[in-house]
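# A look at the structure
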Amino acid sequence: MFGLFKKKTELEKLQEQYKKLQKEAFDLSKSNRQKSDAKLKEADDVAKEIDKLKAQQN
């Protein structure tokens, strides 16, 4: 309850975006492979940003 108004960190936002893109890519893989590949590319770019942020924190 106390975390209700807690702002998300940049890392948390990127992780949510990554999960969303992965799900969209999976759903598109059943109907349109080309769009699915594009979503996977976007997800890969987000994953690289996540890795950069984690490296900076260490």
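See above for the structure.
Attention in this report is confined to the structure presented alongside it. (Residues numbered from 1 in each chain as written. Predicted model: local features only at pLDDT ≥ 70, side-chain atom pairs only at ≥ 80, totals over all residues. Heavy atoms only, no water.)

### Digging into the environment of Glu24
Let me state the cut-off plainly: A run of H or I in DSSP counts as a helix once it spans at least four residues, and a run of E counts as a strand once it spans at least two, with each numbered from the N terminus. We call a residue buried when its accessible area falls under 20% of the maximum for its residue type, exposed when it is over 50%, and partly exposed in between, using a 1.4 Å probe and counting protein chains only.
Locating Glu24 in the fold gives a position in helix 1 (residues 10–29). Accessibility expressed as a relative area gives 24% for Glu24, which makes it partly exposed. Taking the C-alpha atoms as reference, Glu24 lies 8.7 Å from Leu40; in sequence the two are 16 residues apart.

### Remarks on the pattern of salt bridges
The test is simple: Here, a salt bridge means any Lys or Arg side-chain nitrogen found within 4 Å of an Asp or Glu carboxyl oxygen.
One pass over the structure, following the stated rule, counts eight salt bridges. Among the ionic pairs, Glu24 bridges to Lys20, the shortest N-O distance being 3.9 Å. In this pair, Glu24 and Lys20 are both assigned in helix 1, four residues apart and thus about one turn of the helix distant. One salt bridge in this structure joins Glu49 and Lys52, with 3.7 Å as the shortest N-O distance. Of this pair, Glu49 and Lys52 are both found in helix 2 (residues 33–57), three residues apart, which corresponds to roughly one turn of the helix. Accessibility expressed as a relative area gives 39% for Glu49, which makes it partly exposed. The structure contains a network of salt bridges with shared partners spanning Lys20, Glu24 and Lys39.

### Structural notes on helix 2
We count it as follows: What a helix should span is 1.5 Å times the count of its residues minus one. Polar contacts, as counted here, are pairs of nitrogen or oxygen atoms within 3.5 Å of one another; within protein the pair requires one atom able to donate a hydrogen and one able to accept it, and residues that are adjacent in sequence qualify only if both atoms are side-chain atoms.
Its 25 residues place the ends of helix 2 36 Å apart at the C-alpha level, agreeing with the 36 Å of an ideal helix rising 1.5 Å per residue. All of the buried residues along helix 2 are Ser36, Ala43, Val46, Ala47 and Ile50. Measuring from the side-chain oxygen of the N-cap residue of helix 2 to the backbone nitrogen of Gln34 gives 3.2 Å; that N-cap residue is Asn32.

### Concerning helix 1
The condition that has to hold: What the arc covers is the set of directions going from the helix axis to the C-beta atoms.
With 20 residues, helix 1 ought to run about 28 Å at 1.5 Å a step, and its terminal C-alpha atoms sit 28 Å apart, in line with that. Of all the residues in helix 1, the buried ones are Leu11, Leu14, Leu21 and Ala25. The arc that holds the buried residues of helix 1, viewed along the axis, is 85°, so those residues lie on one side. With respect to the buried face of helix 1, the exposed residues turned more than 90 degrees away are Lys19, Lys20, Lys23 and Phe26.

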